[in-house]
Amino acid sequence: MKTRGNQVVMPLNVAKMIEKSDQVFKMAEILDGLDYRKLRSTYRRHWRSVAPEIMFSIIVFANMKGIFSSRGIEEACKTDIRFMWLLQYHKAPDHTTISRFLENNMSGCAEDLFCQLVEKLAEMGEIDFEALFVDGTKIEANANRYTFVWAKSVEKRLKKLNERAEKELPPIRAKYGLAEWLGLESTISELKSFAGIQRIEFVHGKGRRKTQLQRDCERLEELLNKGNEYMEMLRICGKRKSYSKTDPEATFMRMKEDHMGNGQLKPGYNLQIGVSGEYIAGLSLFPNPTDTTTLIPFLERMKAKLNRSFSDIVADMGYASEENYTYLEENGQNAYIKPADHEVKKSRKYKNNIFHKDNMPYDEENDRFTCPNGKHLIHSYDRDIKTDNGFTVRKSYYVCESCAGCPYREKCFKGQYDNRKIELSKTMRRQKEAAEERISTERGILLRVNRSIQVEGVFGVLKQDYGFRRFLTRGKKSNETRLFILAIAFNIQKLCSRIANGRFGKALFELKAA
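Our subject in this report is the structure included herewith. (Residues numbered from 1 in each chain as written. Predicted model: local features only at pLDDT ≥ 70, side-chain atom pairs only at ≥ 80, totals over all residues. Heavy atoms only, no water.)

Over its twelve residues, helix α11 (residues 295-306) runs 16 Å from end to end, which matches the ideal 16 Å to within 8%, given 1.5 Å per residue. Along α11, the residues that are buried comprise L295, I296, F298, L299, M302 and L306. Each buried residue of α11 sits inside an arc of 165° when the element is viewed along its axis, so together they form one side. N307 sits one or two positions beyond α11 and adopts a positive phi of about 60°. (Helix = DSSP H or I, 4+ residues; strand = E, 2+ residues; numbered from the N terminus. Expected span 1.5 Å × (residues − 1). Buried < 20%, exposed > 50% of the residue type's maximum accessible area, 1.4 Å probe, protein only. Arc of directions from axis to C-beta.)

Here is the structure:
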C-alpha cells in the first residue's frame, strides 16, 4: 500500500478549492461593507491575533451552517477549508476565545451590525418598509426545567410567615420589656444591644449551650431572613407569574415541544420577529408568554434602531387589542390584525344567536340596543379600566329598561341582575369593524397569505433547518446577542437563495389564481 508521506499538497490559495457559487463569498462581500468601529471600540487594546471582523465573519458563517457552540466553531475552523479562507491563514481561535468574544465584545454590537445589514438590504431594494409581518414563538431557555419559582406560591408562604411573626413577636417583646410598636428588625437589634449590655455571649458549635436570649434572637432572625428571601423572589418575578432559579430572566411557559407529554411548562423566552420581504427586519426577546403586550415595545425598538417605521403591520389574532389598534392608529400605520373573534363569527351558532350583543340592532343616534323582545338596552354609565401596561380602556354599560315577564329571559342571559346588562368598548367595536373591513380587501388577503408564508417560514428555517430550539447561554442580553447574529446569518443566506431562485426584488408572493 502506498503511503502519503509528508508531502504538502494544499495550494497556497485555498480559495481555489472552494466552489465559486459557495455562499461564503457572498457573505464575505456583504460583511466587508459593514462599519466595525463600534465593535473595535470594545477592545481596550489591540487584538492579539484574529481581527474582530474576521471573528465575526466565522461566527456568522458557522450560524449559516447550523453550528452554534464555541467548540463546534473551533472544530470547523480547523477542518473546514471555507473557515480557513475566512481566517486568512491565521491560527484557528479556541473555544474560550470565541465565547469571550461573543460575551464581552459582541453583546453591545450585534444589534448595530444587524441594523446595518437591514439598511444595506433596503438600499438593494430587498426591504421596502411597507409590510411588516409580526409573529412570536417560544424558545426554551438554558435552565433546569424543575427549578421553578411561582409568584402565587411565594405570596402564600410570605403571608403565613408574616402571620407567624405577628404571633411570636409580642411575647418576646413583653418578655424583655421592649416597646410594642417595634418591628421585627428593630426587635432583633434591641435584643442584641441588650445582650451586649448584659455581657451575654452568643455561642455556636457542638457542646455549647445557648441562652434563651440567643434562641429568641435566632428565631426572629430566621423569620427576617426568610421574609427577605421571599421579597427578593417577588422582586425578581415582577409582573410575571414565575421564573427559573437557573436563569431568573426566563419564564415558565407552555411550548409545542412537550418533553413529558402532559402540558409541562418549561423555562423559556417569547421571541418576537418582524419579517419584510422574507428577511428578518427586527427581533426581540420577552419574558411574558402572551403576544398581546409585546407588539408596542417591539415596534418602538425597531423604530428607534432603524429610524424608520413600516406602513402596514400584519399579525394574527393574538395581537388584537384596543391598545395595539390605538397605537397603530396614532402612528399612522395600517393594522392588518385579525380580531380575536374573527373565526367565531363565521360559525353558524354565532350567526344564529340573536341574543348576542353583536347581533342586536344598535341605534347610533339614541345610543341604545334593541333585544329580540323589542326592549331597549339604554346606555347607563361608563367606566375606565386600566390594563397591566397602564393603558386606559373606557367600557360602556347598557341596561335593559325591563326584563320582567320576558319569554326569552332564560335564553337571553343568566346572572344575578334582574335586567340584561351589556358591556362593551365603543372604541374597540369601531376598531374591530375597521380591521374586518381592512383584512377583507384584496391587499388584506394578499398580506394575510404572505404572513403565513414569510414569518412562519422563518420560524421553520430557524427551528427545523438550523436546529435552533434551545438557547446555549443564560440571560436575556446574552441570548439576544446570539439571536441577532443568527438573524444576520439567515438574511445573508436568504439573499443568496432569492438571487438563485430569481426572486430578487420581489417582496411578496402573489396569490395563485383559482
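The next thing to look at is the packing of helix α8 (residues 151-175) against helix α10 (residues 212-237). Where α8 meets α10, the axes come as close as 10 Å, and the angle between the chain directions of the two elements is 155°. The angle between α8 and α10 falls in the class roughly antiparallel. The crossing of α8 and α10 is left-handed. Contacts between α8 and α10 pair A151, V154, E155, R157, L158, L161, R164, A165, E168, L169, I172 and K175 from the former with Q212, D216, R219, L220, L223, K226, G227, Y230, M231, M233, L234 and C237 from the latter. Each residue belonging to the contact of α8 with α10 can be placed in one class, and the counts come to 14 nonpolar, two polar and eight charged. (Axes fitted to C-alpha atoms, helices over the stretch in contact; angles between N-to-C directions. Parallel < 35°, antiparallel > 145°, perpendicular 65-115°, else oblique. Left-handed = near helix turned anticlockwise from the far one by under 90°. Contact = heavy atoms within 4.5 Å. Nonpolar A, V, L, I, M, F, W, Y, C, P; charged D, E, K, R; others polar.)

Here the focus is a positive patch on the surface. On the surface, a cluster of positive charge is made up of K152, K156, K160 and K241. Here K160 shows up in helix α8. Since its relative accessible area comes to 63%, K160 is described here as exposed. (Patch = residues over 30% accessible without salt bridge, like charges linked within 9 Å, V, L, I, M, F, W, Y side chains within 5 Å. Areas by Shrake-Rupley, 256 points an atom, 1.4 Å probe, with all protein chains shown as cover. Salt bridge = Lys/Arg side-chain N within 4 Å of Asp/Glu carboxyl O. Lys, Arg positive; Asp, Glu negative; His and termini not counted. Charge placed at Lys NZ, Arg CZ, Asp CG, Glu CD.)

Turning to the sheet that holds strand β12 (residues 392-400), a few remarks are in order. Ordered by their spatial adjacency, five strands build an open sheet running β9-β10-β11-β12-β13, and the pairing between neighbours is antiparallel. In the strand order of this sheet, the two ends are held by β9 (362-363) and β13 (421-424), each with one partner. One ladder, built from four bridges, connects β12 with β13; its direction is antiparallel. Residue pairing in the sheet places Y398 in a bridge with I422 of β13. (Pairing = 2+ DSSP bridges.)

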